[in-house]
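Each chain, letter by letter, is given below.
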Amino acid sequence: MIEFRNEPFTDFSQEANRRDFETALEKVKSELGKEYDIIIGGEHIKTDRKVKSINPSNLDEVIGIVSEADTALAEKAMQAALTAFESWKKVSPEARARVLFKAAAILRRKKHEFSAWMVLEAGKSWPEADADTAEAIDFMEFYGREMIRLSDRQPLTSIPGEDNNLYYIPLGVGAVIPPWNFPLAIMVGMTTAAVVAGNTVVLKPATPTNVIAYKFMEILKEAGLPDGVVNYVPGPGKEVGEFFVTHPKTRFISFTGSREVGLRINELAAKTVPGQKWIKRVVAEMGGKDSIVVDSDCDIDLAVDSIVKSAFGFSGQKCSACSRAIVHQDVYDEVLQKVVAKTKELKVGEAKTLGIDLGPVIDDKAYNKILEYIEIGKQEGRLMAGGGKADGNGYFIQPTVFADVDPQARISQEEIFGPVVAFIKAKDFDHALSIANNTEFGLTGSVITRNRMHLERAREEFFVGNLYFNRKCTGALVGVHPFGGFNMSGTDSKAGGRDYLLLFTQAKLVSEAL
Ligand SMILES: NC(=O)c1ccc[n+]([C@@H]2O[C@H](COP(=O)([O-])OP(=O)(O)OC[C@H]3O[C@@H](n4cnc5c(N)ncnc54)[C@H](O)[C@@H]3O)[C@@H](O)[C@H]2O)c1
Ligand SMILES: N[C@@H](CCC=O)C(=O)O
């Protein structure tokens, strides 16, 4: 088996790649508006309760119509997963890994098609969608190899007269509850990590991106994953999600999403219910309020570029997005003025158009929430760019910059999850670091400086799970930058890292006297 390598991104400056992507978009467009079933134990089930998936760039375009489950069907899915677990747990780790490698190969062949679905269903620009698909492939290639590594004989101290072995065995049925913002990569990573470790899954996809999750179910089927190992159960989070979280047979919950929902899941999962005979494990990856710290001695253009890319990529809808630029007073005006100038040049438009910088935000709820925060920002700071809706038949918002924001202001503290960045002035580097650590989150951060000692200070003191120096704070790569945060950003798990699969296993020691 060859060593893990990240899937390369597509170079859209090449005409052939652009043509291939256009062809994929046309293919996907010809498939819009279809109906999608629930899938339980391999059985396709239609219900009367349907939810429409809409293109956020064009509200008249229906991406698909998806049957939603109720709690009776959720129970059926749980039973299917419990049954499948009895056989899946006995499949060898190598064979389980091969399913992931096969699924990765299929996805690689259909790469542009999947990216095109994300352009239309999630409003991702071409490069953002392409990176999402590449990351999904990476997760499968990486976790497959990791499971093989964990199934090797594990190093133990030997003592005479005994044969000792440690095995990483699966947990049981897991509820996988992903977000919509990396509708392929995160959903695939969470699902396949659980599965390759020998567990079975009830997957409750994020409603705005139900169709992409369904398309991935087709890949798992083609890759030969047995029925019932992953069950596709769309439905409202509050109803179907909570049903799985509180079910006595749920062994673990793998959640990625907001702080509010993550904390609720954690609380519900902690309550033992009749018929439950384990402590449920909760893996929760949650929100962020991420900062880029700009020091006085720095490459100003690098700082500007890092802030703009991290704040406005995918319209700021990344848990890793820079929503606070904490800038040393000596360079504050220059960095601010250059960020504002660059922001004003950004193109907002339909995600299907190559060359846009920002597509829409995901739905009306996000749109209204972000616009409300922009109004709050107008009270809390000086509006320098953007400040409201952008044109189009979709959820378009102008990239927005606020200056002179107090470190304790709401737009400095609360996750907005949209294209809004707050500039905060720092007296010196110490002050900048203390502001950077002043939220309840701890996900990503960057420091832009030429000062080696300041980098070393930040290495020790900037308390985030993913800290970057002299670069943007988004775009973690599987295997290269294991991803996950501290504090209210989650349970300190690291997706795409060597510790991740352990979260979905339990270690069994067998000691034989010789
Ligand atoms: N830390 C990370 O790695 C990471 C990665 C991506 C996104 N996020 C965070 O995700 C959020 C955006 O995603 P979102 O809007 O989909 O988040 P969300 O919390 O609204 O929803 C996430 C998932 O939870 C489900 N859900 C909602 N209510 C539920 C409930 N009561 N019980 C069980 N499930 C429920 C949703 O249907 C969805 O599938 C942001 O806060 C972002 O920072 C974090
Ligand atoms: N892993 C992604 C963020 C995922 C959350 O939205 C990044 O590093 O930018």
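Naming follows an unreviewed UniProt entry, where the protein appears as L-glutamate gamma-semialdehyde dehydrogenase of Laceyella putida.

Moving on to the overall build of the protein. Within the protein, the secondary structure is distributed over 15 helices and 19 strands. Here the C-alpha atoms of the protein give a radius of gyration of 23 Å, agreeing with the 24 Å that 2.2 N^0.38 yields for 514 residues. Seen through its C-alpha atoms, the protein measures out along the principal axes to roughly 70 × 60 × 50 Å. By residue count, 53% of the 514 residues in the protein fall in the buried class. Looking at the protein alone, contacts between residues at least 24 apart form 75% of all its contacts between residues at least 6 apart.

Once that is clear, we can look at the site of ligand 1. The full set close to ligand 1 counts 33 residues, and P179, G237, G241, G257 and C319 are the nearest of them. Per-element accounting of the shell around ligand 1 gives the leading share, five residues, to helix α8 (residues 237-246).

Let's shift gears to the sheet that holds strand β4 (residues 50-55). An order of β1-β5-β4 is seen for the three strands of this open sheet, with the pairing classed as mixed. Looking at which strands have only one partner, the edges of the open sheet turn out to be β1 (34-36) and β4. Taken pair by pair, the neighbouring strands of this sheet meet at an average axis angle of 35 degrees, ignoring direction. Examined bridge by bridge, β4 and strand β5 (residues 58-67) share six bridges and lie antiparallel to one another. The residue of β5 that forms the bridge with K52 is I65.

Right, let's get into the nonpolar core. Within soluble globular proteins, side chains that are nonpolar generally end up buried alongside one another. One finds L184, V202, V233, I307, A325 and F423 to be the most contacted residues of the largest nonpolar core, which totals 160 residues. When residues in this core are grouped by element, the largest group, 11 residues, is from helix α5 (residues 126-151). If we skip the residues at most four places from it in the chain, V202 touches A77, M78, A81, V173, A175, N231, V233 and F244.

Turning our eyes to something else, we now look at the sheet that holds strand β13 (residues 322-328). One open sheet accounts for seven strands, arranged β14-β15-β16-β13-β12-β17-β18; its pairing is mixed. Each having just a single partner strand, β14 (382-385) and β18 (466-469) make up the two edges of the open sheet. Mean inter-strand twist for the sheet, computed between neighbouring axes without regard to direction, equals 20 degrees. Two elements, β14 and strand β15 (residues 400-403), share three bridges in a ladder whose sense is antiparallel. Residue pairing for β15: L383 is matched across the bridge by F402. Lying over the sheet, helix α12 (residues 364-380) contacts β14, β15 and β16 (420-426), oriented at roughly 30 degrees with respect to β16. The sheet contacts of helix α14 (residues 429-436) involve β12 (290-294), β13, β16 and β17 (444-448), and relative to β13 the element is tilted by about 165 degrees.

Here we come to the UniProt feature "domain: Aldehyde dehydrogenase" (unreviewed entry) in the protein. Mapped onto this structure's residue numbering, the UniProt feature "domain: Aldehyde dehydrogenase" (unreviewed entry) falls at residues 48-510. This span, residues 48-510, is 40% helix and 20% strand, and a straight line between its end C-alpha atoms measures 51 Å.

Let's shift gears to the pairing of strand β8 (residues 200-203). Along β8, one buried face is formed by T200 and V202 and the opposite face, lined by V201 and L203, is buried too. Of the strand pairs in this sheet, strand β7 (residues 173-177) and β8 are connected by four bridges, and their pairing is parallel. The residue bridging V173 from the neighbouring strand is T200, located in β8. At this point the chain moves from β7, through helix α6 (residues 185-196), to the parallel β8, and the crossover so formed is right-handed. Strand direction decides the pairing type here: β8 and strand β9 (residues 230-232), joined by three bridges, are parallel.

We now examine the environment of F244. Here F244 shows up in helix α8. F244 sits in the buried class, given 28 other C-beta atoms within 10 Å. Along the primary structure F244 and R98 are separated by 146 residues, whereas in three dimensions their C-alpha atoms are 28 Å apart. Residue contacts for F244: discarding those within four places in its chain leaves A74, A175, V202, K204 and T250.

Our focus in this paragraph is the packing of helix α3 (residues 93-109) against α5. Where α3 meets α5, the closest approach of the two axes is 9 Å, and the angle between their N-to-C directions is 165 degrees. With respect to α5, the axis of α3 lies roughly antiparallel. Regarding α3 and α5, the two cross each other, and that crossing is left-handed. Facing α3, whose interface residues are P93, E94, R96, A97, L100, F101, A103, A104, L107 and R108, α5 presents T133, A136, I137, M140, E141, Y143, G144, M147, I148 and S151. Classifying every residue of the contact of α3 with α5 by side-chain character gives 13 nonpolar, three polar and four charged.

Burial along β18 is one-sided: the face carrying N466 and Y468 is buried and the face carrying L467 and F469 is not. Pairing analysis gives four bridges linking β17 to β18, with the strands arranged parallel. Bridged to V447 within β18 is F469. Regarding the hand of the β-α-β motif, the stretch spanning β17, helix α15 (residues 452-461) and β18 is right-handed.

So, on to the environment of G41. If you trace the backbone, G41 turns up in the loop between β2 (38-40) and β3 (43-45). Residue classification places G41 among the partly exposed residues on the basis of 17 C-beta atoms within 10 Å. Not counting chain neighbours up to four residues away, the residues in contact with G41 comprise A80, D227, G228 and N231.

An ideal rise of 1.5 Å per residue puts 16 Å on 12 residues; α6 measures up with 16 Å between its terminal C-alpha atoms. Most of α6 is tucked away: 12 of the 12 residues are buried. Directly after α6, the chain includes G198, whose backbone phi takes a positive value near 100 degrees.

A positive phi angle, near 50 degrees, is found at F314, a position not held by glycine. On the secondary structure map, F314 appears in the loop between α10 (300-312) and β13. In the Ramachandran plot, N470 falls in the positive-phi region, its phi being about 55 degrees despite a non-glycine side chain. Within the element layout of this structure, N470 appears in the loop between β18 and β19 (505-513).

Cut-offs applied
Residues numbered from 1 in each chain as written. Chains lettered and ligands numbered in written order. Predicted model: local features only at pLDDT ≥ 70, side-chain atom pairs only at ≥ 80, totals over all residues. Helix = DSSP H or I, 4+ residues; strand = E, 2+ residues; numbered from the N terminus. Rg over C-alpha atoms; globule rule 2.2 N^0.38 Å. Buried ≥ 20, exposed ≤ 12 C-beta atoms within 10 Å, placed from the backbone. Contact = placed C-beta atoms within 7 Å. Near = placed C-beta within 6 Å. Pairing = 2+ DSSP bridges. Axes fitted to C-alpha atoms, helices over the stretch in contact; angles between N-to-C directions. Core = buried A, V, L, I, M, F, W, Y, C linked by C-beta atoms within 7 Å. UniProt positions renumbered as here; feature names shortened; annotations may be inferred. Right-handed = clockwise from strand over helix to strand, strands pointing away. Parallel < 35°, antiparallel > 145°, perpendicular 65-115°, else oblique. Left-handed = near helix turned anticlockwise from the far one by under 90°. Nonpolar A, V, L, I, M, F, W, Y, C, P; charged D, E, K, R; others polar. Expected span 1.5 Å × (residues − 1).

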